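Chain by chain, the residues run as shown.
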Amino acid sequence: LIVKGRIEFIGSKTTPIIFESLDSGWKGLYVLSDEDSKSILHNVIFKDTTGLSDGLLALSGGVNIYKGSVDLRGVTIDGSSAEDALNIVKASIFVDGLNIQNTTSDAFDCDYCIGTINESYFNQIDGDALDFSGSEVAIESIEINHVKDKGLSIGEASSVQINNSSFTNVGVGIAAKDGSKASADNVTISSFTLYAAMTYSKKKYYDTFSSLDLNNCMIEGIDPYLRQTKTLLIINGIEEVEREVDVEKLYSSGVMKK
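Note that the coordinates shown come from a computational prediction; the quantities given were computed from them, not determined experimentally.

Definitions and cut-offs
Residues numbered from 1 in each chain as written. Predicted model: local features only at pLDDT ≥ 70, side-chain atom pairs only at ≥ 80, totals over all residues. Heavy atoms only, no water. Helix = DSSP H or I, 4+ residues; strand = E, 2+ residues; numbered from the N terminus. Buried < 20%, exposed > 50% of the residue type's maximum accessible area, 1.4 Å probe, protein only. Contact = heavy atoms within 4.5 Å. Lys, Arg positive; Asp, Glu negative; His and termini not counted. Charge placed at Lys NZ, Arg CZ, Asp CG, Glu CD. Salt bridge = Lys/Arg side-chain N within 4 Å of Asp/Glu carboxyl O. Pairing = 2+ DSSP bridges. Phe/Tyr/Trp six-rings, centres within 6.5 Å; stacked < 30°, edge-to-face > 60°. Lys NZ or Arg CZ within 6 Å of the ring centre and 35° of its normal. Core = buried A, V, L, I, M, F, W, Y, C linked by side-chain atoms within 4.5 Å.

Draft legend 1. Local environment of the overall build of the chain. Helices and strands together make up the secondary structure of the chain, namely one helix and 26 strands. Taken over the C-alpha atoms alone, the chain extends approximately 50 × 40 × 35 Å along its principal axes. When each of the 258 residues of the chain is scored for burial, the buried share is 55%. For the chain, contacts bridging at least 24 residues in sequence account for 41% of all contacts bridging at least 6. Counting 22 positive and 37 negative side-chain charges, the chain places the centres of these two groups 4 Å from one another.

Here's what the structure looks like:
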């Protein structure tokens, strides 16, 4: 479904709007807006999206929204095999009650967006649960479970604040990289494979320090933190010790392998 403009998909909790395939999968949704357009999706379910690659049009997401403002409430995306189950680019966002589960790659890729994400749930994700690039987002009360790679991947000079959230069975809990700044308050991270929190640089052309500040967080596990030199990781007001990190090696094996 390709829309140039805006959409209003408004279902109810008892009778949601459902988009699904007749067989094994479908190419999903693409909304191309202008800056003054507002798209609304309330109580909508998307099932079994595969993404769209057709000639010059190649989209990474099963659900793609470009520009404008986006109001998502009670949206579920289940069973996506696209590179991103949801991809929103250059938009103002309000997200409440988003549920993404059973993806073969990333769940929500948020590029150059400003806004909030509340009361949302991510489960059985084979990539990152939330991947931010160049975005400014406040996150409140999310749950992330069974994620192969990172719960939160915060990159490319993003600014993200996380409050009152939980991460369980993740490769990495929170990673701040490439000139990004992040803070987490009252967050629980348990059963991580690699680290609960990381700061590092992957793309050398970002010359601003990446930073991550954790306060009043419950971290369960051994050796939970990794702070690369020339980055900043603070745990309850105390700086974590710097280390030399082979970032290429991180991405060449284990849970972060691409």
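Draft legend 2. Representation of the pattern of salt bridges within the structure. Applying the stated criterion across every chain, the model contains eight salt bridges. Measuring nitrogen to oxygen at the nearest pair gives 2.8 Å for the salt bridge that ties D71 to R73. Judged by its relative accessible area of 5%, D71 falls in the buried class. On the accessibility criterion, R73 (38% relative accessible area) is partly exposed. The partner of R227 in a salt bridge is E242, with the nearest N and O atoms 3.4 Å apart. Taken together, the residues span a long stretch of sequence, with R227 in strand β23 (residues 225-228) and E242 in strand β26 (residues 242-243) at a distance of 15 residues. Taking the relative accessible area as the measure of exposure, R227 reaches 8% and is therefore buried. A relative accessible area of 39% means that E242 is categorised as partly exposed.

Draft legend 3. Fine view of the pairing of strand β14 (residues 114-118). Judged from the five bridges that link them, strand β11 (residues 92-96) and β14 form a sheet pairing that is parallel. Note on β14: the bridge partner recorded for F94 is T116. Both β14 and strand β17 (residues 136-140) contribute to a ladder of five bridges, which runs parallel. Each residue of the ladder has a partner; that of T116, found in β17, is A138.

Draft legend 4. Structural view of the environment of K38. By secondary structure assignment, the location of K38 is in strand β5 (residues 38-47). Through-space distance from the C-alpha of K38 to that of G68 is 5.7 Å; in sequence the pair is 30 residues apart. Other than its neighbours up to four places away in sequence, K38 contacts R6, I7, S69 and D71.

Draft legend 5. Structural context of the packing of aromatic side chains. Under the criterion given, the structure shown has five aromatic pairs. On the numbers, 6.2 Å between centres and 20° between planes, the contact of F19 with W26 is stacked. The residues F19 and W26 share a single accessibility class, namely buried. Note on F19 and F46: the rings are 5.2 Å apart at their centroids and 10° apart in plane angle, and the pair reads as stacked. A residue pair is termed long-range when its members are at least 10 positions apart, and F19 in strand β3 (residues 17-19) and F46 in strand β5 qualify at 27 residues. Accessibility classification places F19 together with F46 in one group, the buried group. Taken together through their ring pairs, the aromatic side chains of F9, F19, W26 and F46 make up a single cluster. The ring of Y251 is capped by K202, whose NZ or CZ atom sits 4.0 Å from the centre of that ring.

Draft legend 6. Structural context of the nonpolar core. Ranked by size, the top nonpolar core spans 60 residues in total, and within it I93, F108 and L152 carry the most contacts. L152 has contacts with L130, F132, I139, I142, I144, I162, F167, G173, I174 and A175, leaving out every residue within four places of it along the chain. V172, M198, V247 and V255 belong to the second-largest nonpolar core, a separate cluster that totals twelve residues.

Draft legend 7. The arrangement of the environment of G171 in detail. Residue position: G171 is located in strand β19 (residues 159-177). Here the alpha-carbon distance between G171 and V255, two residues 84 residues apart in the chain, equals 5.7 Å. Ignoring sequence-local partners within four residues, the contact set of G171 consists of V147, K148, D149, F192, T193, L194, Y195 and V255.

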